[in-house]
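# An overview of the molecular structure
Listed below are the residues making up each chain.
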There are 2 protein chains.
Amino acid sequence: MARIVMKFGGTSMAGTERIRRVARIVQRQQAAGHEVAVVVSAMAGETDRLVNFCREANTLYDPAEYDVVVASGEQVTSGLLALTLQALGCKARSWLGWQLPIHTSDAHAKARILEIDSAALIAAMQGGEIAVIPGFQGLSEHNRITTLGRGGSDTSAVAVAAALKADRCDIYTDVDGVYTTDPRIVAKARKLARVTYEEMLELASVGSKVLQTRSVSLAMKEGVRVQVLSSFIDDDAPPADSLPGTMIVSDAELEGQEMERQLITGIAADKNEAKVTLTRVPDQPGAVAAIFGPLAAAQINVDMIIQNIAKDKGETDVTFTVPSSDLARTQALLEAQKDTIGYFRMISDSHVAKISVVGVGMRSHAGVAATMFKALADRRINIQAISTSEIKVSVLIDEDETELAVRVLHTAYGLDGE
Amino acid sequence: MARIVMKFGGTSMAGTERIRRVARIVQRQQAAGHEVAVVVSAMAGETDRLVNFCREANTLYDPAEYDVVVASGEQVTSGLLALTLQALGCKARSWLGWQLPIHTSDAHAKARILEIDSAALIAAMQGGEIAVIPGFQGLSEHNRITTLGRGGSDTSAVAVAAALKADRCDIYTDVDGVYTTDPRIVAKARKLARVTYEEMLELASVGSKVLQTRSVSLAMKEGVRVQVLSSFIDDDAPPADSLPGTMIVSDAELEGQEMERQLITGIAADKNEAKVTLTRVPDQPGAVAAIFGPLAAAQINVDMIIQNIAKDKGETDVTFTVPSSDLARTQALLEAQKDTIGYFRMISDSHVAKISVVGVGMRSHAGVAATMFKALADRRINIQAISTSEIKVSVLIDEDETELAVRVLHTAYGLDGE
C-alpha cells in the first residue's frame, strides 16, 4: 500500500464527462489498495473567465478580492469530483484551502505555501476516504483566501504530497511524460523513464513546458517523487503503478537505479529570448552594475550575460538576453541610462533562439561542449553566445536554425530512438 | 447616520455592467453618511448552471458537496462588487460565510442560520469600509460550507441586519414595492407605503412573490425593518432615505404612524392549488386523522380544510386543497388508504384558484367577509370553499374567474388608485 497524490489540470476537468473519466482513474488507484488524495485545477477557461470579470470590475484590482473571485473555479471542480467519486461508490470529500488549512503568505495572487495541516486529511484517508483538494488556493494569516499565481496547482499538489509524506505525486497532463526533446521537432525523440529535479528545472525553464518550474523546485527541496503522465490514457489501462510516465527523482535515486548514465538527458529550445548588446562600455568597476541594476529593479529577468575581455582604450562590449516580451522596456530603460553607463551603441535582436543540452551526467564528463560546437559548426550554424551551468550548456543562434540545431544535437548525443 | 443592510438579487448582479450600477447605488447610501453592509446573490442563471453540474455529476448528490459547488456563485459576486466599489473610490471588502462566520445548522442545502459573529464587521463598517457579504451561504459546526436553500439570500440579508442591529434592511428587486394586488391584473393597483409582517406573510404565501416567506418570518421575529424597492431606479435618484419602496414593519409601528387604517391592504391570487373532495367519510373520531396523517408524513402541505356537518347515516364530505404539484402523490396516497379511511369517492380538481383579501385592519372590523361574498355573488362567481385567519379571508373559485374576481374585490374594498 502506498500513499499517492494525484493532480489533474484544467483540460482534464473541463466538464462533467471529463471529470467522470478522472474519477475512474482515481478509483482505480484506490482499488489497487492505495491511500489517495487528489488535487484539481479549475475547468479549462474558467480562470480566464473569472480574471476577466475582475479586470472589467476594476483595472487596478485589489489582489485580495481577485483571489476571492478566482479561487472559486477550483472550489467548483473539487466539489464536483467528490460528487462524481461518490457516484462511483467511493467515499470522498472536498477539503478547501481554508478548511485544511493550507497556510500561505499574505502575498495575494502570488502567495507562497508555508505549511499544510494534514492531520485531519490523513485520518480521513486512513478511513478509506478519497480527499479532493482544490489546487491554486490557500489561507493567509489574516484568514483570507489566497491564490498561488497561475499554474499554481502543480505546486499545490507537490506541497500536499510533502505534507502527507506521500510515496508519489502523479501529475496528469495532456502529454504522457518528459521527452529527450520536443517530439514535434524531432520525430525520434524518446520518452524519458526518469529525470532528476535539476534536469527537469533546466528543461522546463528552457522550453519544455510540462510542469511549473516552481513545483519542481519545491519537489526537489522537499524530496517529493513526482511522476508526469497523461490523463488521456486508455480507460482499461493498468493503474499508474506500472509507471507509464516520467519519474522526476533525486540524483541519488537515479544513480542507484541506472548503472550507465546517459551523458545528456535532453535538448531544449527557447525562442522567447531577445539579445541586447551594448558596445564600448567603459571597462571599469560599476559599469556592469549600472546596466543590470535598473533591469533588476524593473523585474526584468536577464538570462545569459557575456562580457569579453577589454579591448584597447579600456572599453568592452556587453551582450545579454532578456525575455522577448521585456525587450521594449529593456531598450527604454537602457536608453534613459545611456549617459550613466557610458556605452556607445545599443544593438538588439529578438530573432534568436537558445538551444540547451541538459544532463546531470555531464558533471563527470568533459567534451560535451566540444561535441556541441563541432556538430553545429559542421552544419554551419553560427553560435552568437554561450553560457554554461553544472548540468547545461546553452548557445544562442539564429531563430531560423532552431529545428535544424535541435535535430543535429539530438543525433550527435545519441538520443535518437530506434 | 444610520446603519443599513442592502440586498441585491441575481438580476441586479448579472454581469459587470449591472454590478457597477449596484455599486453606484451603494456608494450613494454611504455618501449620505450611513454605515453600509451589502448582501448579494449569484449572477442570474449561475446557481442553475452549478446545480446542473451537480446533477450531472451525481443524481443523488451529497448535499455537503452540492453546497461547496453552488456557494461559489455568491463568492464570485461578492468579490466583484468589492472590486467595483473600490474602483469608485470606496473602501470595501468581502466577508464570506465562513469568514464572519455565519453559523448555521448542519442541514446542508437547507440550513438555518443560528448566529452571526458581527464584531469584526461592525469594526470595519465603523472604519468607513463597506462590507460585502455573499447571501445564501454559511458555515456548519463541522466547519463545512452550508447553503440556505433557493432564495436564501433574502434570509441572509435579514439575518445580517438583525446581527448588526441595522436601522433598515433594503431588499432591491425587479419590482419597486408591494402592491395592493398584481398590477398585471389590475391596472389601478397602488404601491403600498407600508405593510405589516403578518400581511406580507399572507400576501407572499398566496402569490405575491416579492420576498421569500422565510425572510419575512425572520424579520418579524427579530424586529428588522425591511424595505422592498427596485434596483432599476434612475441613477440620479435621491438615496433610498426618501423611502421610495414599501416598508415592512411591525403592527405597532404601523399603528403609530397611520391614524386611519385601511380595512384591507391587498388582494392576492394563487392558481397553484388543487382541490380534493372525499365523499361519505364516516363521521367518527379518527377518520380525519386517517386522511391527513399520511399526507403530513409525505410532507404534502394541506392548506384549506372544509368539513360539513354530518349528513344522515353518520357520513360527511371532506374537502381540502394541496399544491397542484403534489396532487398526483396525494391521489395515490389516498387511493392506497381507501379502505382504512372508508370514503366512497375521491373527486379532485386542479382548475381552481384561491383568492385572498388580506389586512390587519380586519381584526377590529366585521363585514369584510360579507362584502367579499356579496361582490363575488353580484358577478355570479361561485365560491367553492372558504377559509379565514385573523388577517385574511380566502375563497376557492374556478380558475377561469381569477382575474375577474381580483378586479371586483379590488374595487369593492376601495383599493383602486386615482
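Residues numbered from 1 in each chain as written. Chains lettered and ligands numbered in written order. Predicted model: local features only at pLDDT ≥ 70, side-chain atom pairs only at ≥ 80, totals over all residues.

### Structural notes on the overall build of chain A
To be explicit about the condition: For helices the rule is a DSSP run of H or I covering at least 4 residues; for strands it is a run of E covering at least 2, with both sets numbered from the N terminus onward. What the globule rule says is 2.2 Å times the number of residues to the power 0.38, and the radius of gyration is computed from C-alpha atoms. A residue is called partly exposed when the number of other C-beta atoms within 10 Å of its own lies between 12 and 20, exposed at 12 or fewer, and buried at 20 or more, with C-beta atoms placed from the backbone. C-beta atoms are placed from the backbone for every residue, and two residues are taken to be in contact when these atoms lie within 7 Å.
Within chain A one finds 14 helices and 20 strands. A globule of 418 residues ought to have a C-alpha radius of gyration of about 22 Å, and chain A, at 24 Å, matches this closely. Principal axes of the C-alpha set define a box for chain A whose edges measure 80 × 55 × 35 Å. Taking all 418 residues of chain A together, 49% fall into the buried category. Long-range pairs, those at least 24 residues apart, make up 75% of the contacts in chain A with a sequence separation of at least 6.

### Structural notes on the interface of chain B and chain A
Here is the rule: Classification convention: Asp, Glu, Lys, Arg as charged; Ala, Val, Leu, Ile, Met, Phe, Trp, Tyr, Cys, Pro as nonpolar; all other residues, Gly among them, as polar.
Every contact between the two is made by 29 residues of chain B and, on the other side, 28 residues of chain A. Where the side of chain B that touches chain A is concerned, the elements lending two or more residues are helix H1 (16–31), helix H2 (46–57), helix H3 (63–70), helix H4 (72–87) and strand E3 (92–94) of chain B. For the side of chain B that touches chain A, the element with the highest residue contribution is H4 of chain B, accounting for eleven residues. By residue class, the composition of the side of chain B that touches chain A is 14 nonpolar, eleven polar and four charged.

### Brief notes about the domain arrangement of chain A
Residues and elements named next belong to chain A. Selection rule: Per the annotation, domain bounds derive from an automatic or database assignment of domains.
Considered domain by domain, chain A is made up of domain 1 (3–256) and domain 2 (260–418). The C-alpha centroid of domain 2 is placed 33 Å from the C-alpha centroid of domain 1. Counting residues per element, the ones that place at least two in the side of domain 1 that touches domain 2 are strand E10 (194–196) and helix H7 (197–205). At four residues, H7 tops the list of elements feeding residues into the side of domain 1 that touches domain 2. Each residue belonging to the side of domain 1 that touches domain 2 can be placed in one class, and the counts come to six nonpolar, five polar and seven charged.

### Describing the sheet that holds strand E14 (residues 273–282) of chain B
Residue and element names in this part refer to chain B. Applied cut-off: A pair of strands is labelled paired if DSSP reports no fewer than 2 bridges between them. Note on geometry: axes are C-alpha line fits, over the in-contact stretch for helices, and angles between N-to-C directions span 0 to 180 degrees.
In spatial order, the strands read E15-E16-E14-E17; together these four strands make up an open sheet with antiparallel pairing. Each edge of the open sheet is held by one strand with a lone partner, namely strand E15 (305–307) and strand E17 (345–349). Averaged over all pairs of adjacent strands, the angle between strand axes in this sheet comes to 15 degrees, irrespective of strand direction. Most of the contacts of helix H11 (residues 327–336) go to E17, to which it runs at about 180 degrees, and overall it touches E14, strand E16 (315–323) and E17.

### What about the relation of the copies chain B and chain A?
As a reminder, the rule being used: Least-squares fitting of one copy onto the other uses the C-alpha atoms of those residues that reach a pLDDT of at least 70 in both copies.
Superposing chain B onto chain A takes a rotation of 180 degrees plus a shift of 0.1 Å along the axis, which leaves an RMSD of 0.2 Å. In short, the pair behaves as if placed about a two-fold rotation axis. No C-alpha of chain B approaches the rotation axis more nearly than that of Ser-72 of chain B, which lies at 2.7 Å.

### Quick look at unusual backbone geometry
With an omega of -15 degrees, the peptide bond between Leu-100 of chain A and Pro-101 of chain A qualifies as cis. Along the chain, Pro-101 of chain A turns up in the loop between strand E3 (91–94) and strand E4 (102–104). Of note, Ala-109 of chain B is a non-glycine position whose phi angle comes to about 75 degrees, a positive value. By the secondary structure assignment, Ala-109 of chain B is in the loop between strand E4 (102–104) and strand E5 (113–116).

### Things to note about the nonpolar core
Filter applied, for reference: Only buried residues count toward a nonpolar core: Ala, Val, Leu, Ile, Met, Phe, Trp, Tyr and Cys, linked into one set through C-beta atoms within 7 Å.
Membership of the largest hydrophobic core comes to 247 residues, with the highest contact counts inside it found for Val-5, Val-38 and Val-160 of chain A together with Val-5, Val-38 and Val-160 of chain B. When near neighbours in sequence (up to four residues on either side) are disregarded, Val-38 of chain B contacts Met-6, Phe-8, Val-26, Leu-81, Ile-130, Val-132 and Ile-133 of chain B.

### A few points about the packing of helix H13 (residues 368–378) of chain A against helix H14 (residues 402–412) of chain A
All names here are of chain A. Short version of the rule: Oblique is the label for every angle not falling under 35 degrees (roughly parallel), over 145 degrees (roughly antiparallel), or within 65 to 115 degrees (roughly perpendicular). Put simply, a crossing is left-handed when the front helix is turned counterclockwise from the back one by less than a right angle, and right-handed when it is turned clockwise.
Their axes nearest at 10 Å, the elements H13 and H14 cross at an angle of 130 degrees. When the axis of H13 is compared with that of H14, the two are oblique. Where H13 crosses over H14, the handedness of that crossing is right-handed. Between H13 and H14, the residues in contact are Thr-371, Met-372, Ala-375 and Leu-376 and Ala-405, Val-408, Leu-409 and Ala-412, respectively. Of the residues that constitute the contact of H13 with H14, the class distribution is seven nonpolar, one polar and no charged.

### Some points on the sheet that holds strand E13 (residues 266–270) of chain B
All names here are of chain B. The strand order across the open sheet built from four strands is E13-E18-E20-E19, with neighbouring strands paired in antiparallel fashion. A single partner strand is all that each edge strand has here, and the edge strands are E13 and strand E19 (385–389). Each adjacent strand pair in this sheet contributes to an overall mean axis angle of 20 degrees, direction not counted. Its contacts with the sheet place helix H13 (residues 368–378) against strand E18 (352–358), E19 and strand E20 (392–398), and it is angled at close to 20 degrees to E20.

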